[in-house]
Amino acid sequence: MNKSIAHIVLCTMLFSQVEYNHPELNWHTFDTEHFKIHYHDETEKTAREAATVAEAIYPKITSFYGFEPYQKTHLVLLDPDDYSNGAAYYYDNKIMIWASPLDFELRGSHRWLQNVITHEFAHIVSLQKSMKAGTRIPGAYLQWMNYEEEKRPDVLYGYPNTLISYPVPGTCVPPWLAEGIAQYMYDDADWDTWDSHRDMILRDRVINNNMLTFNEMNTFGKKGIGNESTYNSGFALSTYIANEYGSAALSDIMGELSSPLQFSINKAIFNVIGRSGDDIYLDFKNSIEAKYNTLVNPIKVMPVQGTRLQSEGTTNIHPKWHPSGRSYAYLSNKGNDYFGQTSLYFHDITKGEDKKVKSGVFSAPTWHPNGELIYYSRKPKFPNKNGSKFYDIYSYDLESEEEQRLTFDLRAFNPVFIEHDSSIAYLATYDGGQDIYMFDLRSKNSKKITDFKDRPMISHLSYDKDQKKLYFDITKNHYRDIYSIDIKNENIDQHYDSPTYDERNLTAQSGGKRIHSQDKSGIYNLYMSSLSDSASGYITNVTGGAFMPDMSEEGKVLYSLYDDGAYSIAVLEDLFYIDDDYVGYGEEYHLNNEELSAPITQLDDTKAFPYEDQFPNMFILPK
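Residues numbered from 1 in each chain as written. Predicted model: local features only at pLDDT ≥ 70, side-chain atom pairs only at ≥ 80, totals over all residues. Heavy atoms only, no water.

**Some details on the overall build of the chain**
Step number 1: Broken down by element type, the chain carries 8 helices and 33 strands.
Step number 2: Taken over the C-alpha trace, the chain has a radius of gyration of 26 Å; the compact-globule value for 623 residues is 25 Å, and the two agree within 12%.
Step number 3: Judged by the C-alpha coordinates and their principal axes, the chain covers about 90 × 60 × 55 Å.
Step number 4: The buried share of the chain, reckoned over its 623 residues, is 57%.
Step number 5: Put simply, of all contacts in the chain between residues at least 6 apart along the chain, 58% involve residues at least 24 apart.
Step number 6: Surface accessibility of the chain: about 26,600 Å² in total, with carbon and sulfur atoms responsible for 49%.
Step number 7: Seen as two clouds, the 58 positive and the 88 negative side-chain charges of the chain have centres 4 Å apart. (Helix = DSSP H or I, 4+ residues; strand = E, 2+ residues; numbered from the N terminus. Rg over C-alpha atoms; globule rule 2.2 N^0.38 Å. Buried < 20%, exposed > 50% of the residue type's maximum accessible area, 1.4 Å probe, protein only. Contact = heavy atoms within 4.5 Å. Areas by Shrake-Rupley, 256 points an atom, 1.4 Å probe, with all protein chains shown as cover. Lys, Arg positive; Asp, Glu negative; His and termini not counted. Charge placed at Lys NZ, Arg CZ, Asp CG, Glu CD.)

What follows is the structure, encoded as structure tokens:
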């Protein structure tokens, strides 16, 4: 790899969307010591928490890099769409944060603002430090033009016959390094961690001999999990450099890249560490190959993953049994390039038929007990009158093949049908927090049944018809826990709540069986418990990850299996408990996650004023 590429804007990699002005939003501004905070009415609590987070991490990041922005950084909190993202515009000294927390099958769960703000501000500081000519000159062109001789006296210039243009970028940082150090953040930072999802993606590539090369780590635009692999590989390689050569090396490399004549990451690393980037990468590759191949050897003694049913595409998730137990629905990106381009499919096991029901479906679907109607969440084709696109609930009749929109602008996702009162429970987002709601199918009225003050992330809603409880995943800081709410009295109970590992995706079935996914051993596997006999244990043993189980009345378990760079739908027909000694990295692996920092939830109470137009500095682009 001879040249690194210009890295312009860092974004959490989902999909781009059309931007609207949204004049209906009422904007405000307040100042902290180092930031200008901008928000609209619907994101005030998000903005006030963000201000506390930003000031808390400011001295950590600026001291780590030995660099401070030349003026206050603008921090914009917005939420006009159901969309999760963060972006650092480092030439403008501006960060934009979409308030909806990111819930992504390729990433673990962490409190959104403390994670994304630290990540994006690390971009602002590290990339500004790497600039070759400051924030006013984003680049330059060296050009030479030549013309033919004039052939007539009335022709001022001859026809141009030579044009040479050589761009000189003002910032030259490869994506793996930009993203890797933004996730490393600073010494002892734990707002983002090397969690089991990141470990899963890299481990899976290593044991399947599919690691990104040093050159491949330098670009985005990859299909499937390729883009996320650039993040993970960069995080792992940056951490390796910090551990082997001292964390100051990361800051020094960014400083070296600020040299006007330095355009090679290989040479920049050599000038700081004394070894080329290619050599460092080779050492890193050999190290993690030895590590992962050693760790997965015990798993191969007793692998248990069932039978794969759907493996076309890279995203096959959220399988749900049909009430008959002879067919199922699931989401898949088959036929599409990118991970999040999922559609709803229906598979009839008896007939062996697979049918695409609807494109653009998001989150798990749910069945009506009659087996003819299926409910799901997606965005409408066209935005509303304000230009916003929110998730809403739709139903689809498999017999008539007709779709009906049930809600309008409720931001509703993960619907769950409640049979005894003909209603649908769902999740929705407001001001960066999420709660559970009930939608009455007869009256078309919606009711909020939880009110979490600290605005956690709520995920994966499911229903236990025996107990008449809704189970849900909740993320308050790091890792998901499993809680339930009684839909009669709205009492909330915690069922699985550990500060050192992740528990998610619980499904309950008649007879007291409970199955959920957990990563206590370092690898996500399905764990089953029984209310009737108090027995419990793992029922899968995989080298990738096992998620999103759904149990039929007959006791068969559908789930989503991550393996060889993709999620597949698999089925377990014979359930048995596996000895813990064979599962994952080890029963005590989760103890590595002890003593994580407490979440930042305090709200800044600085007085705000109506927003006034503010323009960025002028750019100069010499030619």
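On we go from here.
**Re the side chain of Asp 486**
Step number 1: Along the chain, Asp 486 falls in strand S24 (residues 481–486).
Step number 2: It is Lys 469 that comes nearest to the buried, bridge-free Asp 486 among opposite-charge side chains, at 5.7 Å.
Step number 3: Here the side chain of Asp 486 touches Lys 488 through a polar contact of 2.8 Å, landing on its backbone nitrogen. (Salt bridge = Lys/Arg side-chain N within 4 Å of Asp/Glu carboxyl O. Polar contact = N/O pair within 3.5 Å; in protein donor to acceptor, adjacent residues only side chain to side chain.)

**Brief notes about the sheet that holds strand S17 (residues 402–405)**
Step number 1: Read from one edge of the open sheet, 4 strands run S14-S15-S16-S17, paired in antiparallel fashion. Every other strand in the sheet has two partners, leaving strand S14 (361–367) and S17 as the edge strands with one partner each. Strand-to-strand twist across the sheet, computed as the mean angle between neighbouring axes with direction ignored, equals 25°. (Pairing = 2+ DSSP bridges. Axes fitted to C-alpha atoms, helices over the stretch in contact; angles between N-to-C directions.)

**Description of helix H5 (residues 226–245)**
Step number 1: Here H5 spans 28 Å end to end across 20 residues, near enough to the 28 Å set by a 1.5 Å rise per residue.
Step number 2: With respect to burial, H5 is a largely interior element, 16 of its 20 residues being buried.
Step number 3: Phi turns positive one or two residues past the end of H5, at Gly 246, with a value near 95°. (Expected span 1.5 Å × (residues − 1).)

**Describing the pattern of salt bridges**
Pairing between side chains of opposite charge can happen when the charged atoms of each approach one another.
Step number 1: Summed over the entire model, instances satisfying the criterion amount to 33 salt bridges.
Step number 2: With a shortest N-O distance of 2.7 Å, Asp 82 and Arg 411 are connected by a salt bridge. Placement of the pair is Asp 82 in the loop between strand S4 (73–78) and strand S5 (86–89) and Arg 411 in the loop between S17 and strand S18 (413–418), with a sequence separation of 329 residues.
Step number 3: For Asp 82, a relative accessible area of 8% translates into the label buried.
Step number 4: We note a salt bridge from Asp 337 to Lys 223, for which the minimum N-O separation is 3.7 Å. With Asp 337 in the loop between strand S11 (327–332) and strand S12 (343–348) and Lys 223 in the loop between helix H4 (196–207) and H5, this residue pair connects regions lying 114 residues apart in the sequence.

**Some thoughts on the confidence of the model for the chain**
Step number 1: Put simply, the chain has an average pLDDT of 93, and 97% of its residues get 70 or more.
Step number 2: Throughout residues 1–17 the model reports pLDDT below 50, and contacts reaching past four residues in sequence, or to other chains, amount to 69 contacts. (pLDDT = per-residue confidence, 0-100.)

**Observations concerning helix H1 (residues 44–65)**
Step number 1: Given a rise of 1.5 Å per residue, 22 residues ought to cover 32 Å, and the 31 Å separating the end C-alpha atoms of H1 matches this to within 8%.
Step number 2: At Ile 57, H1 shows its strongest bend, of approximately 35°, with the proline Pro 59 following within four residues.
Step number 3: Phi turns positive, to about 60°, at Gly 66, one or two residues after H1. (Bend = angle between axes of the 7 residues up to and from the residue.)

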